[in-house]
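Here are the chains, one letter per residue:
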Amino acid sequence: MLTVKHLAKSYNGTKKSLTDVSFSVSPGEVTVIIGPSGAGKTTILRSINQLIRDDDGEILFDDVDMRQLNRRQLRDARSHIGMIFQNYNLIEPLTALENVLHGCLGTKSNLAGMFSLYRNSEKTEALQLLQKVGLGDFAYQQCRNLSGGQKQRVGIARALMQHPKIILCDEPIASLDPKSTTVVMDLLRDLATNDGISVLINLHQVDIARTYADHVIGINNGQVVFDDRTAALTDTAVTDIYRKTTSSERSLVYEG
Amino acid sequence: MIKPENQVSLPTQLPAGPRFTIPLRFRDRRRVTMLITLLILGYVTLITLPTMIPDHFKLVEAITGFTENIKIMFLQPHLSNTSWLSLLGGLGQSILLAFLTTLIGSVLAFFLALASTRRFAPTALVLGIQSFMAVIRAIPTVLWVLIYSVVFGLGANAAVIGITFHSVAYLTKVYADSMDELSPEAIETLQAMGLKRPAIICQALIPYLKPSYLSWTFIRFEINFADAVAIGAAAGAGGIGYQLFMSSSFYFDFHEVGVMVYLILAFAVVLEIISYRLRSSNTAQH
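About the criteria used
- Residues numbered from 1 in each chain as written.
- Chains lettered and ligands numbered in written order.
- Predicted model: local features only at pLDDT ≥ 70, side-chain atom pairs only at ≥ 80, totals over all residues.
- Heavy atoms only, no water.
- UniProt positions renumbered as here; feature names shortened; annotations may be inferred.
- Helix = DSSP H or I, 4+ residues; strand = E, 2+ residues; numbered from the N terminus.
- Rg over C-alpha atoms; globule rule 2.2 N^0.38 Å.
- Buried < 20%, exposed > 50% of the residue type's maximum accessible area, 1.4 Å probe, protein only.
- Contact = heavy atoms within 4.5 Å.
- Areas by Shrake-Rupley, 256 points an atom, 1.4 Å probe, with all protein chains shown as cover.
- Lys, Arg positive; Asp, Glu negative; His and termini not counted.
- Charge placed at Lys NZ, Arg CZ, Asp CG, Glu CD.
- Phe/Tyr/Trp six-rings, centres within 6.5 Å; stacked < 30°, edge-to-face > 60°.
- Buried area = accessible area lost by both parts, 1.4 Å probe.
- Polar contact = N/O pair within 3.5 Å; in protein donor to acceptor, adjacent residues only side chain to side chain.
- Nonpolar A, V, L, I, M, F, W, Y, C, P; charged D, E, K, R; others polar.
- Domains from an automatic or database assignment.
- Pairing = 2+ DSSP bridges.
- Axes fitted to C-alpha atoms, helices over the stretch in contact; angles between N-to-C directions.
- Expected span 1.5 Å × (residues − 1).

In the nomenclature of an unreviewed UniProt entry, chain B corresponds to Phosphonate ABC transporter, permease protein PhnE from the organism Secundilactobacillus odoratitofui DSM 19909 = JCM 15043. The UniProt entry for chain B carries the following comment under Sequence similarities (unreviewed entry): "Belongs to the binding-protein-dependent transport system permease family."

Per an unreviewed UniProt entry, chain A is named ABC superfamily ATP binding cassette transporter, ABC protein, and its organism is Secundilactobacillus odoratitofui DSM 19909 = JCM 15043.

Structure (structure tokens):
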């Protein structure tokens, strides 16, 4: 489904943010990336849909290397990759319904995108998706009036509107309260189990990774240090993932 | 080893009382230069001002004359040479001149702003357009109208083109600035969903920036109205400004000038109320 091979990325030539990251994501599974802040989790996620252009490696999405695509092909590929952000990144002055409908604009014409020309079937689908995430009554609310948890659910509905094969979530619950966290994570879990969508999530909370993930990838200092089923994520493994890199190791990594 | 005669003995007690005045600020050459310049300018002004007053100037008569004219203008306004209809027509003409120039200006400026915001355009283009617009802005509107009147002759055409010209430069700047302030996240999100640029502009940029566009455009409308009145007089573009010019400089009819001033004032108050409403309804949304 999605295979990342030998991904490496440096931001200013010398300091390496990622060194040789390889992993794969299976269809219909929740894969969680954990690791300390600054380990490179966000970089990995953004490299997948090429929001960050990586330096080296291969990103195979449905056997196509995302790095080799031209602009048009990349737009096409991106329109089938959902993305969910920590700050929701909705267009706040617009309504929830309009935001969800943005999800289908990637495959529509310029004219439709400019003048918000949607088919009735698309509008119906968007309303159904809002109902699915429990926001049927909020379809015509401006997004700036919604709570954090509600915004994130609109974000999920928007991603679903793309008919995605994979949804990338960059710290989706970092700004949410515990109750909203459960709602959002349950929803993501349900998408993988029942709709067969691959879900790749960056997380800080190990306990949530244990509850919801099928597959856990541990990242430390730009390297994969753990890659196994969730059951294998023991306390010692967690300590290892969050271990501070000693200065000698770090200099080795930077130079290498 | 220090010889005894060379040894220094410290005084046992320091003299009492403040020995240094503590400055509040460090001495700054720039401040000193500025102070000296201001002093010189003040001196020059003081000695030249009396020489500027003509010999036949009589202060008391001047003041009474001034108050008399003010009284005629503001306390006894009435029409004599022009009718109310033509006066309102003139006001309408000035308003329409301001409206037309703002409308054309805002449309042109929007596209120029898109080409000169750092969010979308390459730096060379941004700098090119912005510095060109800065040059246009540096020259006042009235001057642009006069420059264009060389081509079109004095009249409405030169006024429309000239005011539009300055409006475009002004609005391009403020539109581009508000585009630069927009958080890149919104644009990036839509890019991540595979949206094309025209769609991103219409779906993210415009919804976020509509309030600030509206208020900036309205401010420009107010400026353009004031310019339209002034240019009506200066470039013969018609409107209430021209009538004002005729009745003050041609007929010396201060009663009529008073009516016109009140009319313009009333319209300015209406504009102010509208722009206040516009702003408060925008802030209420946030």
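Trainee: Just to check I follow, could you spell out the overall build of chain A for this structure?
Mentor: Check the secondary structure of chain A and you find ten helices and ten strands. The C-alpha radius of gyration of chain A comes to 19 Å, within 12% of the 18 Å expected for a compact globule of 256 residues. Expressed along its principal axes, the backbone C-alpha trace of chain A runs to roughly 60 × 40 × 30 Å. A burial count over chain A gives 55% of its 256 residues as buried. Sequence separation of 24 or more characterises 69% of the internal contacts of chain A that already satisfy a separation of 6 or more. For chain A, the accessible surface area stands at approximately 11100 Å², while carbon and sulfur atoms represent 48% of it. Each charge class in chain A was averaged separately, 28 positive and 29 negative side chains, and the resulting centres sit 7 Å apart.

Trainee: Quick question: what am I supposed to make of the overall build of chain B here?
Mentor: Counting secondary structure elements, chain B contains ten helices and zero strands. Over its C-alpha trace chain B gives a radius of gyration of 30 Å, far above what one expects of a compact globule, namely 19 Å for 286 residues. Its C-alpha atoms put chain B at 105 × 80 × 40 Å along the principal axes. Here chain B, with 286 residues, has 35% of them falling under the buried criterion. Taking as baseline every contact in chain B between residues at least 6 positions apart, the subset at least 24 positions apart corresponds to 74%. By element, 70% of the accessible surface of chain B is carried by carbon and sulfur atoms, the whole surface being about 18000 Å².

Trainee: I'm lost on the packing of aromatic side chains in this one. Help?
Mentor: Two measures describe an aromatic ring pair: the distance that separates the ring centres and the angle between the ring planes. All names here are of chain B. Using the criterion set out here, one finds 13 aromatic pairs over all chains in the structure. With centroids separated by 5.7 Å and ring planes inclined at 90°, the aromatic side chains of Phe74 and Tyr262 adopt a geometry described as edge-to-face. Separated by 188 residues along the polypeptide, Phe74 in helix H2 (residues 59-75) and Tyr262 in helix H10 (residues 254-285) bring together distant segments of the chain. A residue is classified by how much of its surface remains accessible, and Phe74, at 29% relative accessible area, is partly exposed. Note on Tyr262: relative accessible area 37%, which makes it partly exposed. Ring geometry for Phe218 and Phe221: centres 6.0 Å apart, planes at 50°, overall tilted. Placement of the pair is Phe218 and Phe221 together in helix H8 (residues 197-234), with a separation of three residues, close to one helical turn.

Trainee: When you look at the interface of chain A and chain B in this model, what are you seeing that I'm missing?
Mentor: Frequently, the measure chosen for interface size is the accessible area removed from exposure when the parts meet. Each partner contributes residues to the interface: chain A has 29 residues there, and chain B has 20 residues. Both sides together, the interface formed by chain A and chain B hides about 2200 Å², and carbon and sulfur atoms give 55% of it. The largest share of the area that chain A buries against chain B comes from Arg75, Ile91 and Arg144 of chain A, three residues that together contribute 22% of it. Taken together, the links from chain A to chain B amount to ten residue pairs in polar contact (both at pLDDT 80 or more). When the residues that make up the side of chain A that touches chain B are grouped by side-chain class, the tally is eleven nonpolar, eleven polar and seven charged.

Trainee: Sorry, what's going on with the domain arrangement of chain A here?
Mentor: Residue and element names in this part refer to chain A. Along its sequence, chain A is organised into domain 1 (1-80 + 165-256) and domain 2 (89-163). Using only C-alpha atoms to locate each centre, domain 1 and domain 2 end up separated by 26 Å. At the interface, 16 residues of domain 1 touch 13 residues of domain 2. Summed over both sides, the interface of domain 1 with domain 2 buries roughly 1100 Å², with 67% coming from carbon and sulfur.

Trainee: Quick question: what am I supposed to make of the sheet that holds strand E6 (residues 81-84) of chain A here?
Mentor: Whenever strands of a sheet pair, they do so through backbone hydrogen bonds, lying parallel or antiparallel. Residue and element names in this part refer to chain A. One open sheet accounts for six strands, arranged E6-E7-E8-E3-E9-E10; its pairing is mixed. The two strands at the open ends of the sheet, each matched to only one other strand, are E6 and strand E10 (223-229). Geometrically, the sheet is characterised by an average inter-axis angle of 15° between neighbouring strands, direction not taken into account. The pairing of strand E9 (residues 215-220) with E10 spans six bridges and is classified as antiparallel.

Trainee: Sorry if this is basic, but what is going on with H8 of chain B here?
Mentor: The terminal C-alpha atoms of H8 of chain B lie 44 Å apart, and with 38 residues this falls more than 12% below the ideal 56 Å at 1.5 Å per residue. Positive phi shows up at Gly236 of chain B, right after H8 of chain B, with a value of about 60°.

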